[in-house]
Structures are given as structure tokens and as C-alpha cells.
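# Structural characterization, general
Single-letter residue listing:
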Amino acid sequence: MKLLQALSVCLLMTFETIGQRAMPVSSMYLNQKPPGRVAEVFAPGTVSAKDTYEYGSVFSKDGREFYYAVIINKKPQIRLIRFENNRWTEPAIVLASDQYEYNDPFLSPDGSKLFFISDRVADGKGPKKDFDIWYINRTKTGWDSSRIISAGKSINAGKNEYYMSFTTSGTMYFSSNRETGQANDNNYDVYSSRFSKGEFQPAQKLDAAVNSDHYEADVFVAPDESYLIFCAERPDGLGKGDLFISFKDANGGWQKAKNMGSAVNTDQYEFCPFVSSDGKYLFFSRSGDIFWVSAEVIQALR
């Protein structure tokens with residue numbers, strides 16, 4: 001694998017110490033003015049640029065790191081913007097390749113691992129394959145991109161695995177088309193896998209309250225597992241792909257998922273949902289840009 005020279009960011013990154021000053025409120029979310037209940041483009045010109053395609057974003061729990069994917073020369077790469085020395089840095093590349101795709105970044109609950117999907121092979125030297133979920137570890141000097149690790153056989157099957165998120169306890173939610181006949185079959189479903197004894201346990205497919213005979217992917221689960229948001233391509237949707245939401249009922253089961261409505265969805269394709277750790281904002285992707293909206297739109301659907 002030929003990584004871009006910009007991967008040297010891993011050698012340059014230094015991480016905040018416990019004693020560092022708190023981030024000023026005005027500096028949170030890349031100095032952007034918070035949105036209301038109408039979705040707005042996030043950080044236009046800084047993240048959401050006119051000449052590139054951005055998607056799949058996530059903030060760290062402390063709000064000091066922002067990860068997202070951007071397509072360059074037809075290959076998605078993962079970038080990072082950090083808050084350090086009382087300012088936000090310029091975007092830097094964390095993972096990129098001229099052969100493989102890297103996207104859908106998401107941090108482990110403790111922030112020590114950066115998960116993502118890629119069509120790379122295990123040794124990073126052969127032809128690309130189906131998409132699997134991988135991760136790299138955080139070190140004292142940055143992300144160790146020289147050692148890319150598979151999420152394991154309980155997660156990665158012989159087909160594609162997409163977009164993961166985690167509960168506080170470490171249970172992973174993700175999507176896969178592993179039950180289909182072909183690797184390029186579009187019938188994806190949502191799965192979950194508990195993390196126990198140092199590894200992910202066999203994945204369990206969610207029931208018909210969430211999954212259907214259509215495409216369900218890009219799932220974000222609330223840290224307390226009280227709701228999940230996912231992208232679906234369904235005949236009754238508002239556009240090419242919509243965001244749907246399911247809440248847990250009093251018995252711990254998933255309620256029938258419902259379309260999140262026009263506050264989020266349009267006649268375009270909405271995907272890659274993420275809710276900030278403070279619970280205030282829903283981020284998602286549409287038409288090559290990243291959007292955000294007040295999480296009040298979630299509460300209104302309960």
C-alpha cells in the first residue's frame with residue numbers, strides 16, 4: 001500500500017493532557033454558529049467545500065477532534081481537524097491510499113481506537129476486496145496507521161460491512177449484506193455485536209422493526225442504546241435514501257422504525273448519521289456535504 005506523504009501527521013500530532021484548559025464555548029464545533037431545527041451545511045469552506053465530496057463525520061467525546069471522509073482522486077480518505085493551542089488546526093490526513101478506500105470513521109467509546117471501513121486486504125499489498133471494518137490504535141504521538149487491525153471474524157464476513165457505532169458498554173452496531181448471494185447485493189441489514197472478554201461476539205441481526213427487504217445501513221446507536229438512526233432506501237421514503245429512527249420500548253425491544261421526516265430528509269440522499277456526545281446536534285451527509293441540525297428533531301419523534 002502506498003500511503004500519501006501526508007500520513008506524517010501521525011508523527012506530528014500531540015494529544016491534550018489532562019490539565020489542559022477547557023475549550024471556550026465559542027470555539028466548540030469548529031467555531032460554527034449552532035443550527036436550529038432546520039438543517040444547515042456544517043463548516044462551509046473548511047469541511048464542506050464546494051470542490052470536494054465530504055461525508056461520514058464524527059467528533060470525539062471531548063469535542064476536540066473532528067474526523068470525516070473526503071474523496072480525492074476517486075479514493076476516500078479520512079481527515080482530522082483538532083483543537084490545540086486554543087485554535088482549530090487545518091485538516092490533516094489520518095488514513096489515505098492510492099489503492100484502497102478509507103471512510104466511515106468512528107471512535108471507540110474510550111477514544112483509544114479509530115474504527116473505519118476499507119476495501120484493503122489484510123497485508124495492505126494485494127488487490128482490493130470487499131469492505132471490512134478495521135481499526136488503528138492511539139499512541140502518545142498520534143494514530144499508529146502502520147498497524148491496521150481487523151475488527152475480527154465476528155464482525156467481518158465474506159461480504160461488505162459498513163459504518164459502525166458503539167454503545168457506552170462497547171457493543172458495536174454496523175450493517176452488512178452478508179446474507180445475500182453477491183458481494184454487491186444492495187440488501188444490507190443492521191447487526192449488533194457485544195464486546196466481551198477482549199473481542200466482539202457473534203453478530204446478531206436486528207429484527208423486522210429495523211430491517212426489511214430493502215437497504216438499511218449507516219447506523220448510529222445512542223451511547224445508552226435508547227435509539228438508533230440509520231439510512232434506508234425504501235419505496236415510501238422522501239428521496240433516494242432517508243434517515244429513519246427507532247426507539248427502544250419499555251421492554252427493551254426496538255420499536256418499528258419511522259422516517260425522520262422533512263426536518264432531515266429531502267429528495268436527495270441522506271446518510272452517515274452521528275449525534276454529538278452532548279446530545280445537542282445531529283450530523284449527517286447529503287450531496288457531498290456534511291450537515292447538522294438541532295437534536296430537538298429527535299425528541300420530536302419520540
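In this report, the structure presented in the accompanying data block is examined. (Residues numbered from 1 in each chain as written. Predicted model: local features only at pLDDT ≥ 70, side-chain atom pairs only at ≥ 80, totals over all residues. Heavy atoms only, no water.)

## Observations concerning the pattern of salt bridges
All chains considered together, the criterion is met by eleven salt bridges. The salt bridge partner of arginine 138 is glutamate 65, with a shortest N-O separation of 2.9 Å. Pair noted here: arginine 138 is in strand β9 (residues 132–139) and glutamate 65 is in strand β3 (residues 65–72), with a separation of 73 residues, a long-range link. Salt bridges sharing partners connect three or more residues here, namely Glu65, Arg82, Glu84 and Arg138. (Salt bridge = Lys/Arg side-chain N within 4 Å of Asp/Glu carboxyl O. Helix = DSSP H or I, 4+ residues; strand = E, 2+ residues; numbered from the N terminus.)

## Some words on the sheet that holds strand β1 (residues 40–41)
Spatially, the four strands line up as an open sheet ordered β1-β24-β23-β22, and their pairing is antiparallel. Of all the strands in the sheet, just β1 and β22 (270–275) have a single pairing partner and so form its edges. Across two bridges, β1 lies against strand β24 (residues 289–294) in antiparallel orientation. Residue pairing across strands places glutamate 40 opposite tryptophan 292, the latter belonging to β24. (Pairing = 2+ DSSP bridges.)

## A word on the packing of aromatic side chains
A complete count under the given rule lists 39 aromatic pairs for this structure. Judged by centre distance (5.6 Å) and plane angle (75 degrees), the ring pair of tyrosine 269 and phenylalanine 271 falls under edge-to-face. Overall, tyrosine 269 belongs to the partly exposed group, its relative accessible area being 24%. On the basis of relative accessible area, phenylalanine 271 is assigned to the buried category, the value being 11%. Cation over ring: arginine 178 sits above tyrosine 191, and NZ or CZ is 5.0 Å from the ring centre. Taking NZ or CZ as reference, arginine 234 lies 4.8 Å from the ring centre of phenylalanine 244, over its face. (Phe/Tyr/Trp six-rings, centres within 6.5 Å; stacked < 30°, edge-to-face > 60°. Buried < 20%, exposed > 50% of the residue type's maximum accessible area, 1.4 Å probe, protein only. Lys NZ or Arg CZ within 6 Å of the ring centre and 35° of its normal.)

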